[in-house]
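Each chain, written out:
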Amino acid sequence: MALDGRLGAATVRSLGRLAQGYALSVALGVPLGVLAARSQLFRSTARPILLGLQALPSICWLPLSILWFGLNESAIVFVVVMGSVLSIAIATEDSVSSVDPLLLRSASTLGIRGLRFHAGVLLPAALPGIATGLKLGWSFAWRALMAGELLFVAGGLGQLLAQGRELLDVAQVMGVMVCIVAIGLLVDQVLFRLLELWLRRRWGLVEAT
Amino acid sequence: MLWPFRKRCGPGGLLVPWKGRQERAKIAVRRLGHTFRQRRSEVVALQDVDIDVHSGQFVCLLGPSGCGKSTLLYALAGHLIPSGGQISIDGRAVDGPSPDRLLLFQQPALFPWLTVRQNLVFPLRAKGLPRATSEQIAREFLGRVELTGFEDVLPHQLSGGMRSRVALARALAMDPAVLLMDEPFAALDAQTRAHMHQLLASIWTRDRKTVVFVTHNVREALVLGDRVVVMAGQPGRVLQDLEVRLPRPRDPDDSRLVQLSRQIRDALARPEEPPRLLRPTVLRTDSPEETLRDQPPRPEPGALPAGRPRRLGARF
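Predicted model only: the values in this text are computed from it and were never measured.

Rules used throughout
- Residues numbered from 1 in each chain as written.
- Chains lettered and ligands numbered in written order.
- Predicted model: local features only at pLDDT ≥ 70, side-chain atom pairs only at ≥ 80, totals over all residues.
- Helix = DSSP H or I, 4+ residues; strand = E, 2+ residues; numbered from the N terminus.
- Buried ≥ 20, exposed ≤ 12 C-beta atoms within 10 Å, placed from the backbone.
- Pairing = 2+ DSSP bridges.
- Contact = placed C-beta atoms within 7 Å.
- Nonpolar A, V, L, I, M, F, W, Y, C, P; charged D, E, K, R; others polar.
- Expected span 1.5 Å × (residues − 1).
- Axes fitted to C-alpha atoms, helices over the stretch in contact; angles between N-to-C directions.
- Parallel < 35°, antiparallel > 145°, perpendicular 65-115°, else oblique.
- Left-handed = near helix turned anticlockwise from the far one by under 90°.
- Core = buried A, V, L, I, M, F, W, Y, C linked by C-beta atoms within 7 Å.

### Here's the deal with the overall build of chain B
Turning to step 1, where the next piece is worked out: Scanning chain B from terminus to terminus reveals 7 helices and 11 strands.
Turning to step 2, where the next piece is worked out: Counting only residues that meet the buried cut, chain B has 42% of its 316 residues in that class.

Structure, rendered in structure tokens:
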């Protein structure tokens, strides 16, 4: 594949955007989820709106994003964030509300409060569930990114795909598709699986072998 | 026949009504009452409970399921706001959970992602102690519960008994003013439980912490306690407040202890009668079954029903 040079560069560009967008959505989504699980006020006010927004396919954010941010990187990153932040938040909220109340009671009797409680007890206790949400959020982010790059041509793997179509180069299109699948598999089956295994071993959720 | 002047009972005055002390009580419970309001019914979990616990006493709250002993304990711990009455510890009203009145639950409730050592160090650091001191205290208390060498093990790799020991070490390391224990050995098998009794008794004899221990097991109460507060349910109330004068260390198979446990069980079997402990007891040939007849099921310990339970972790 003569694409090799361009493929590498495009992959790096796509993954860079993905990393930015994903990191942002985790940084926003997890606290949002914790807030939703712990605050009755938040739940009764903002949550219905968030649930509604989650029903919007991420690509529908693209026109708005271009209008707001113009034709640049921020627009794509915005789409990626909006695609994944809500699923991460919802999974986090679920996970936090299912934490064993005995652990929370234990923490409160030991005098663990405030930030130490939220970061040191609540989050770790909910982490196995949050990890599932992170995995889901990643696949949404990846899809949103590809859709965005295809429509809004600005470098990256999506652009290579679009280019291949325009040049009627099936080999290029398929080559890029293989690359996209490979990245998806790598992250899903390797990175996230390793994370899950580590979590389950450490948290004692698997049988010791 | 009634023997109204004989305030003794049992073999040689080993189980006598508690007479109280002049000095100010460490824990003062006054006219405590609590009602759980459910959709169509009310359960009077506690009614007019008055108890004083003095510094260094080991008090056992003994009674069948549903008699309100756990409700009383949770109110003492600040995990429950009672519907009526007052509780004060060291002269200050109880207004929420605090490591000064640490509660040990039926399940060890260790943090599963932390090693044994980290489970002890984490709350010590939360208390404000520097890392070096926390590590040292953790090591010391793990030694006292005979778990040296297990510091870097994760809780799920330990047996139930070992987890209970870690929970106990954690509670003791926090050095609370008052230690509250809600049937902490109920989930253990008889052998491990007996071992834990010995361990707890030996540690307690050394430190003389003020302990309030809830149990439904008469023998456990007699092996561990200086005082046994016998309770009954519906409505939850104190039947008798007895002082145990057996010398320590106590052997659970001691014939005197066994006889005392029979007396208490008899008294509990008929809560509506006036206390029969003032009369000479007729020894009954019973089965060795030590636990008491259950009353109607009470709420799960980890999930108290409505009635203004405390928001978990809401106090920053």
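### Details of unusual backbone geometry
All names here are of chain B.
Turning to step 1, where the next piece is worked out: Omega for the peptide link from R248 to P249 comes to -5°, which places this bond in the cis form.
Turning to step 2, where the next piece is worked out: Along the chain, P249 turns up in the loop between β11 (237–244) and α7 (255–269).
Turning to step 3, where the next piece is worked out: With phi around 40°, E183 is a residue other than glycine that occupies positive phi space.
Turning to step 4, where the next piece is worked out: Not every positive phi belongs to a glycine, and R208 is a case in point at roughly 55°.

### Overview of the pairing of strand β2 (residues 27–37) of chain B
All names here are of chain B.
Turning to step 1, where the next piece is worked out: Bridging between β2 and strand β3 (residues 42–53) involves 8 bridges; their strand directions are antiparallel. Across the sheet, residue T35 finds its bridge partner in β3, namely V44.
Turning to step 2, where the next piece is worked out: Hairpin connection of β2 to β3: 4 residues between the antiparallel strands.
Turning to step 3, where the next piece is worked out: Both β2 and strand β5 (residues 84–89) contribute to a ladder of 5 bridges, which runs antiparallel. Its bridge partner lying in β5, A28 is registered against S88.

### Remarks on the interface of chain A and chain B
Turning to step 1, where the next piece is worked out: Chain A puts 23 residues into the contact, and the matching count from chain B is 28 residues.
Turning to step 2, where the next piece is worked out: Residue assignment for the side of chain A that touches chain B shows that the elements contributing at least two residues are α6 (101–109), α7 (114–151) and α9 (170–203) of chain A.
Turning to step 3, where the next piece is worked out: Of the residues forming the side of chain A that touches chain B, the biggest block, 9 residues, is contributed by α6(A).
Turning to step 4, where the next piece is worked out: The residue inventory of the side of chain A that touches chain B, partitioned by class, reads 12 nonpolar, 7 polar and 4 charged.

### Quick look at the sheet that holds β5(B)
Residues and elements named next belong to chain B.
Turning to step 1, where the next piece is worked out: Spatial ordering of the open sheet is given by β3-β2-β5-β6, a layout of 4 strands whose pairing is antiparallel. Strands with a single pairing partner mark the edges of an open sheet, and in this sheet they are β3 and β6 (92–93).
Turning to step 2, where the next piece is worked out: Relative to β6, β5 runs antiparallel, the two sharing 2 bridges. Within the sheet, the bridge partner assigned to S88 lies in β6 and is A93.

### A closer look at α9(A)
All names here are of chain A.
Turning to step 1, where the next piece is worked out: Between its first and last C-alpha atoms α9 spans 48 Å; for 34 residues at 1.5 Å apiece the expected length is 50 Å, and the two agree.
Turning to step 2, where the next piece is worked out: Of the residues making up α9, those classed as buried are Q172, V176 and C179.
Turning to step 3, where the next piece is worked out: Lining the buried residues of α9 we find α1 (4–38) and α8 (157–166).
Turning to step 4, where the next piece is worked out: Downstream of α9 by one or two residues, G204 has phi in the positive range, about 75°.

### So, the packing of α1(A) against α7(A)
All names here are of chain A.
Turning to step 1, where the next piece is worked out: One way to put it is that α1 packs onto α7 with a least axis distance of 8 Å and a crossing angle of 140°. Relative to α7, α1 is oriented oblique. For the crossing formed where α1 meets α7, the hand is right-handed. Residues S14, R17, L18, G21, Y22, S25, V26, G29, V30 and V34 of α1 lie in contact with α7, whose contacting residues are H118, L122, I130, L134, G137, W138, A141, W142, L145 and E149.
Turning to step 2, where the next piece is worked out: Residues belonging to the contact of α1 with α7 are distributed by class as follows: 12 nonpolar, 6 polar and 2 charged.

### Section: the sheet that holds β11(B)
Residues and elements named next belong to chain B.
Turning to step 1, where the next piece is worked out: The 7 strands lie next to each other as β1-β11-β10-β4-β9-β8-β7, forming an open sheet whose pairing is mixed. The open sheet has two edge strands with one neighbour each: β1 (15–17) and β7 (101–104). Between one strand and the next, the sheet's axes are offset by a mean angle of 25°, whatever the strand orientation.
Turning to step 2, where the next piece is worked out: In this structure, strand β4 (residues 58–62) lies alongside strand β10 (residues 227–232), joined through 4 bridges in parallel fashion. Its bridge partner lying in β10, L61 is registered against V229.

### Regarding the nonpolar core
Turning to step 1, where the next piece is worked out: In this structure, A:V80, B:L61, B:L76, B:L180, B:V212, B:V228 and B:V229 are the most contacted members of the largest nonpolar core, which totals 129 residues.
Turning to step 2, where the next piece is worked out: Discounting chain neighbours no more than four positions away, the residues touching B:V212 are B:V53, B:V59, B:L61, B:L73, B:L76, B:V178 and B:L180.
Turning to step 3, where the next piece is worked out: Core analysis: the next-biggest nonpolar cluster, separate from the first, contains 6 residues, A:A10, A:L157, A:L161 and A:C179 among them.

### Thoughts on the environment of B:L158
Residue and element names in this part refer to chain B.
Turning to step 1, where the next piece is worked out: Mapping L158 onto the fold places it in the loop between α3 (131–144) and α4 (160–173).
Turning to step 2, where the next piece is worked out: Judged by the 19 C-beta atoms lying within 10 Å of it, L158 is partly exposed.
Turning to step 3, where the next piece is worked out: C-alpha separation for the pair L158 and V116, spaced 42 residues apart in sequence, amounts to 9.4 Å.
Turning to step 4, where the next piece is worked out: Setting aside residues no more than four positions away along its own chain, L158 makes contact with V153 and R163.

### Digging into α4(B)
Residue and element names in this part refer to chain B.
Turning to step 1, where the next piece is worked out: With 14 residues, α4 ought to run about 20 Å at 1.5 Å a step, and its terminal C-alpha atoms sit 20 Å apart, in line with that.
Turning to step 2, where the next piece is worked out: Within the sequence span of α4, burial applies to R163, S164, R165, V166, A167, L168, A169, R170, A171, L172 and A173.
Turning to step 3, where the next piece is worked out: On its buried side, α4 packs onto β7, α2 (116–126), α3, β8 (178–182) and α5 (190–207).
Turning to step 4, where the next piece is worked out: Looking one or two residues beyond α4, the residue adopting positive phi is D175, at roughly 50°.

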